[in-house]
Amino acid sequence: MSSEDKFLVTAVAADQYITTLCEKIGDIATEAISSRDVFLLGVSGGSIINFLAEGLPKISTDWSKWKIFLCDERLVPVDDPESTYGCYKQKLLPLLTGFPEENFIQAKLGVSGEESAQDYESKLKALWTDDPNSASYGMSDCLLLGVGPDGHTCSLFPGHPVLNVADRWVTNIEDSPKPPPSRITLTYPFINKATNILIAGKGKEKWSILEKVKNGEDFPIGRVENPGGILEWVLEAV
Ligand SMILES: O=C1O[C@H](COP(=O)(O)O)[C@@H](O)[C@H](O)[C@H]1O
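Everything numeric here is computed off the predicted structure, so don't read it as measured data.

1. Observations concerning the site of the ligand
Next, step 1: Taken together, 13 residues sit near the ligand, with Gly45, Ser47, Asp72, Lys178 and Lys206 positioned nearest.
Next, step 2: Considering the ligand on its own, with 390 Å² of exposed area, one finds that the protein chains cover 92% of that surface.
Next, step 3: Its residues assigned to classes, the shell around the ligand comprises two nonpolar, six polar and five charged.

Next up, the structure:
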């Protein structure tokens, strides 16, 4: 199978980028809410926070049906500028009228990375009411992934043993090459079950990683697969 068969690539004009990305998320939410009365969305940190803070408040949706979790989190206090939840709390959540703040799943802090990862996995498992043996158990409606200049996504970094964790939905990393070092992250078995995965980003660096992935180079973002659903790179046209 060629890379073209594995994922879609959409280039969006700069002035339409955030609107288009957020409308795609809104369309997925509408479908999920109409079929299951809930929308389960995984969000990343970094530049994606600003995209969502600008675009999501403009879409039309029932925010009370959204449950949002983190694709990765830096284990620092919520008021630290590096805290992904802290950034969402400050920049996005006040703008979502009717979104219950408890529907944003936070990482446990003040414990070991291992305990925080286990706690986060338990919180994720509680989002699904279906039989744990059913195919739909653990299937997110949408994951919004970023990609770093080194090809990392979530806190899955090139060459790191964290890439090989196959028996957990969430794991911890204590030596992240990108600071801060202590983080929790979704793993591939959970990521690759999602119904929709959108890989979002602006700038030439993201296109460069995409080209290398298409050429068969091994990057963490290239290990994201979605044979049963949609995998789409949504990049700003450069
Ligand atoms: O450290 C992280 O980096 C990636 C990529 O961030 P970006 O600013 O280059 O888009 C992000 O997706 C991840 O959540 C974050 O922890």
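Once you've had a look at it, read on.
2. Brief notes about the pattern of salt bridges
Next, step 1: Applying the stated rule across the entire model yields 13 salt bridges.
Next, step 2: Put simply, glutamate 115 and lysine 108 hold a salt bridge, and the shortest N to O gap is 3.2 Å.
Next, step 3: Residue class for lysine 108 comes out partly exposed when judged on its relative accessible area of 33%.
Next, step 4: Between glutamate 211 and lysine 214 there is a salt bridge whose closest N-O contact spans 3.9 Å.

3. Brief notes about helix α7 (residues 204–214)
Next, step 1: Three or more residues of α7 are buried, namely Lys206, Trp207, Ile209, Leu210 and Val213. What you see down the axis of α7 is that its buried residues fit within an arc of 160°, all on one side.
Next, step 2: Next to the buried residues of α7 lie β1 (8–12), β8 (196–201) and β9 (230–236).
Next, step 3: Two residues or fewer past α7, glycine 216 is found with a positive phi of approximately 90°.

4. Comments concerning the sheet that holds strand β6 (residues 170–173)
Next, step 1: Spatially, three strands are ordered β4-β7-β6 in an open sheet, and the strand pairing comes out antiparallel. The outermost strands of the open sheet, each flanked by one partner alone, are β4 (72–74) and β6. For this sheet the average axis-to-axis angle between neighbouring strands, irrespective of direction, equals 20°.
Next, step 2: In terms of strand pairing, β6 meets strand β7 (residues 183–186) through four bridges, oriented antiparallel. Pairing of asparagine 172 across the sheet is with isoleucine 184, part of β7.
Next, step 3: Sitting on the sheet, helix α5 (residues 113–125) is in contact with β6 and β7, with an inclination near 160° to β6.

5. Observations regarding the environment of valine 147
Next, step 1: If you trace the backbone, valine 147 turns up in the loop between β5 (142–145) and β6.
Next, step 2: Valine 147 sits in the buried class, given a relative accessible area of 3%.
Next, step 3: Valine 147 sits 63 residues away from threonine 84 along the chain, and the two C-alpha atoms are 15 Å apart.
Next, step 4: Here valine 147 is in contact with His152, Ile199, Ala200, Lys206, Ile209, Ile221 and Trp233, once residues within four sequence places are set aside.

So, how was this worked out
- Residues numbered from 1 in each chain as written.
- Predicted model: local features only at pLDDT ≥ 70, side-chain atom pairs only at ≥ 80, totals over all residues.
- Heavy atoms only, no water.
- Near = heavy atom within 4 Å.
- Areas by Shrake-Rupley, 256 points an atom, 1.4 Å probe, with all protein chains shown as cover.
- Nonpolar A, V, L, I, M, F, W, Y, C, P; charged D, E, K, R; others polar.
- Salt bridge = Lys/Arg side-chain N within 4 Å of Asp/Glu carboxyl O.
- Buried < 20%, exposed > 50% of the residue type's maximum accessible area, 1.4 Å probe, protein only.
- Helix = DSSP H or I, 4+ residues; strand = E, 2+ residues; numbered from the N terminus.
- Arc of directions from axis to C-beta.
- Contact = heavy atoms within 4.5 Å.
- Pairing = 2+ DSSP bridges.
- Axes fitted to C-alpha atoms, helices over the stretch in contact; angles between N-to-C directions.

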